[in-house]
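Descriptive analysis of the structure
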Amino acid sequence: MKILVALKRVADPDNANKVKISAAGDAIDTTGLEWKTNPFDEYALEAALRLTENGKTPKKREGEVVVVTLAPKEAETMLRAALATGADRAIRVEANDADLDGRLVALALKALVVAEKPDLVLLGKQAVDGDSNQVGQRLAELLDWPMATFAATIKEETGALLVGREVDGGVATLRVKLPALVTVDLRIVAPNSVFSKLSQAEAGFKHNEGVRFAPLPAIMAAKKKPLEVKALADLIGGNQLNTKYSKFERPPQRSGGAKVKDVAELVEKLANVSKVI
Amino acid sequence: MADALVVAEFTEDGKVKKSTLSAITFAKRALPALGGSFSILVLGANAAAAAAELTGYGAAKVLACSDASFAKYTAENFTPTVAEVGKAFGLVVATATSFGKDLLPRVAARLDAAYAGDCSGVSAEGGKIVYKRPMFAGNASGYCSLTTPIQVATARQSEFEAAAASGGASPIENVAKVAPGAAASRVEFVSLEAVKSERPELTEASVIVSGGRALKEKFFEVLEPLATALGAALGASRAAVDAGYAPGDFQVGQTGKIVAPKLYFAIGISGAIQHIAGMKGSKVIVAINKDPEAPIFQLADYGLVADLFVAVPALIAELKKRA
């Protein structure tokens, strides 16, 4: 199976409370925050690796995993890290976040999918900076492909995937015929979440919890793997940005921090001060 | 002048979901920028019956499209019809439930429209719709406008109160299903395993009791009696869900449910940024944790440093004294 995985670099999500707003209020300032791969995209990559290997021999790729990003040159560090964990090739589309919206990213990815002809496109369900949650759905529509969003489990079948989706109130299961697009949720990296046809052959096989880390020799080898750079205009033609941010602000801060000494005081305060019970 | 279209959502048995009423509120607030009216679109196996539930909210029309295939939702099957109807509107909106978040971006792509997802606010400024969106796990709000002829958006349910019935009787108009493309023939709805619960829905509850990893296997044993005593919904942190102590749809946080009840109990939850993003809109927050340094205490209106296995039963006893 050939899989295309889209990755986005984001400001360190574990320190998202440290993002600043520019003095003019017209931009987000992430200075001082480390760039990280969007966690959901990391999970998508992990799912792609699990789908293209026999769990016992993770170094041998059955099929191909191509990672792609739309970002400036510094994001090649992220692509090299993806290559080190097992992806075969990388593509970077030269672009800045400020020049992109979900519509343009989906148009660019569509052009790449048409050229690369993968069997499956995997992405995170959302990027945790813009929290927009739209590129996967848009790309599936542009391709006229079936999709399964918010995937918690993927089981490979012949020419199809059985996908368990986390939805409000439960789990919805879809069967999508390949080629298809899947966006992944948190639980996709649990030990029993992804079964390829290869790993199913190994009854009782479990992956490790979470995403894998690259060993040093793989990091060295990744430097020699192919990384291609493309121009955004070649992929999206004359399409323009249609989402315009004019202002940013910090949400109001809560003034918490008060303590109560015991349960009796808590209940008394809830009843008589806050009047919520 | 343009109009707004609200895409309604239904339960498995064809009842209108309350979440739909938040999208109506959103549409009404955006209307001054459009200058027109709003209509509601209902897709279902028996859409006319469901449409009848929505005629009392002041819509210009309730558009109903019935087709047996709509009994089970797939975005591939719904998108062509929603987009075709949406072409006549300036704004297409739904509530940002897992249904709205799955369907509306796909509809936007079909209409070549820009999309503002999970909006926490909307206003009309100088004839333009301005969308307010939480970003960076709720640590920043961005205000944006969309410049495509049709705009598509989803509304965060906790930020838009349910529209109240305003009387009147909107006319119901039947619309034809648009034949879906190849994608719809390559997706099959297999099942929906609904988590059965007698409790209120997390996103609609006025009191929520959420638990963290500290509860271990006793998650339900400890929290259920408290939730029952308070008439509360049960929630969980990501850590508790990942550890298997609570089901996935309990998760409150940036990428789980976003909630804003009048009273929120965080029990054995340390307060990771991603969890706080999902509950900091709550009116009153109570935290119970044995670690006095837990970040959740900075946010809580009432913090109790205590062993939850002792404090929660004591709390239930105290509540019962008052009942």
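A quick note: this is a predicted structure, and the numbers were derived from the prediction, not measured.

Focus: the overall build of chain A
- Within chain A, the secondary structure is distributed over 8 helices and 15 strands.
- C-alpha extents for chain A along the principal axes are approximately 65 × 50 × 40 Å.
- Expressed as a percentage of its 277 residues, the buried residues of chain A come to 48%.
- Contacts in chain A between residues far apart in sequence, at least 24 positions, make up 68% of those at least 6 positions apart.

Observations concerning the overall build of chain B
- For chain B, the helix and strand inventory stands at 10 helices and 16 strands.
- Whereas a compact globule of 323 residues would reach a radius of gyration of roughly 20 Å, chain B reaches 21 Å, a difference of no more than 12%.
- Principal axes of the C-alpha set define a box for chain B whose edges measure 60 × 45 × 40 Å.
- In chain B, buried positions account for 60% of the 323 residues.

Describing the interface of chain B and chain A
- Opposite the 72 residues of chain B that make contact, chain A presents 71 residues.
- Of the residues in the side of chain B that touches chain A, the class split is 37 nonpolar, 19 polar and 16 charged.
- Across 7 bridges, the pairing between strand 11 (residues 170-177) of chain A and strand 11 (residues 187-194) of chain B is antiparallel. Paired with A:Thr173 across the bridge in strand 11 of chain B is B:Ser191.

Looking at helix 8 (residues 263-272) of chain A
- Taken residue by residue, helix 8 of chain A has A:Val263, A:Leu266, A:Val267 and A:Leu270 as its buried positions. Along the axis of helix 8 of chain A, the buried residues cluster in a sector spanning 95°; they form a single face.
- Summarising the contacts, the buried residues of helix 8 of chain A are in contact with strand 15 (284-289), strand 16 (302-305) and helix 10 (308-322) of chain B.

So, the sheet that holds strand 10 (residues 172-174) of chain B
Residues and elements named next belong to chain B.
- Judged by pairing direction, the sheet is parallel, and its 7 strands sit side by side in the order 5-9-4-1-2-3-10 without closing on themselves. Single-partner strands in this sheet number two, and they are strand 5 (114-119) and strand 10. In this sheet, neighbouring strand axes are inclined to one another by 25° on average, regardless of whether the strands run parallel or antiparallel.
- The sheet contact formed by strand 2 (residues 35-44) and strand 3 (residues 62-66) spans 5 bridges and is parallel. Bridging across to strand 3, Leu 43 finds its partner in Cys 65.
- Seen against the sheet, helix 1 (residues 19-34) touches strand 1 (2-7), strand 2, strand 4 (91-95) and strand 9 (151-155) and runs at an angle of roughly 150° to strand 4.
- Its contacts with the sheet put helix 4 (residues 98-110) on strand 4, strand 5 and strand 9, and the angle it makes with strand 9 is roughly 170°.

What to know about the environment of B:Ala30
Residues and elements named next belong to chain B.
- Position of Ala 30 relative to the elements: it lies in helix 1.
- The spatial distance from the C-alpha of Ala 30 to the C-alpha of Pro 200 is 30 Å, given a sequence separation of 170 residues.
- Ignoring sequence-local partners within four residues, the contact set of Ala 30 consists of Ala 4, Leu 91, Val 122, Ala 124 and Ile 129.

Looking at unusual backbone geometry
All names here are of chain A.
- The omega torsion across Leu 178 and Pro 179 is 0°, close enough to zero to call that bond cis.
- Residues other than glycine seldom take positive phi values, yet Asn 133 does so here, at roughly 60°.
- For Asn 133, the position within the fold is in the loop between strand 8 (120-124) and helix 4 (135-143).
- Even without being a glycine, Lys 275 presents a positive backbone phi close to 55°.
- Structurally, Lys 275 is set in the segment after helix 8.
- For Lys 275, a count of 10 C-beta atoms within 10 Å corresponds to the exposed category.

Thoughts on the environment of B:Glu84
Residues and elements named next belong to chain B.
- With respect to the element layout, Glu 84 can be found in helix 3 (residues 75-86).
- The exposure class of Glu 84 is partly exposed, given the 17 C-beta atoms found within 10 Å.
- Between the C-alpha atoms of Glu 84 and Ala 176, which are 92 residues apart in sequence, the distance is 9.7 Å.

Notes on the confidence of the model for chain B
- Scored by pLDDT, chain B has a mean of 95; 100% of the residues are at 70 or more.
- Predicted as a complex, the structure gets a pTM of 0.93 and an ipTM equal to 0.95.

Concerning the pairing of strand 7 (residues 89-94) of chain A
All names here are of chain A.
- In this structure, strand 6 (residues 64-71) lies alongside strand 7, joined through 6 bridges in parallel fashion. Paired with Val 66 across the two strands is Arg 89, which belongs to strand 7.
- As a crossover connection, the stretch from strand 6 through helix 2 (residues 76-85) into strand 7 is right-handed.
- Judged from the 5 bridges that link them, strand 7 and strand 14 (residues 227-231) form a sheet pairing that is parallel. From the neighbouring strand, Ala 90 faces strand 14, where its bridge partner is Leu 227.

Conventions and cut-offs
- Residues numbered from 1 in each chain as written.
- Chains lettered and ligands numbered in written order.
- Predicted model: local features only at pLDDT ≥ 70, side-chain atom pairs only at ≥ 80, totals over all residues.
- Helix = DSSP H or I, 4+ residues; strand = E, 2+ residues; numbered from the N terminus.
- Buried ≥ 20, exposed ≤ 12 C-beta atoms within 10 Å, placed from the backbone.
- Contact = placed C-beta atoms within 7 Å.
- Rg over C-alpha atoms; globule rule 2.2 N^0.38 Å.
- Nonpolar A, V, L, I, M, F, W, Y, C, P; charged D, E, K, R; others polar.
- Pairing = 2+ DSSP bridges.
- Arc of directions from axis to C-beta.
- Axes fitted to C-alpha atoms, helices over the stretch in contact; angles between N-to-C directions.
- pLDDT = per-residue confidence, 0-100.
- Right-handed = clockwise from strand over helix to strand, strands pointing away.

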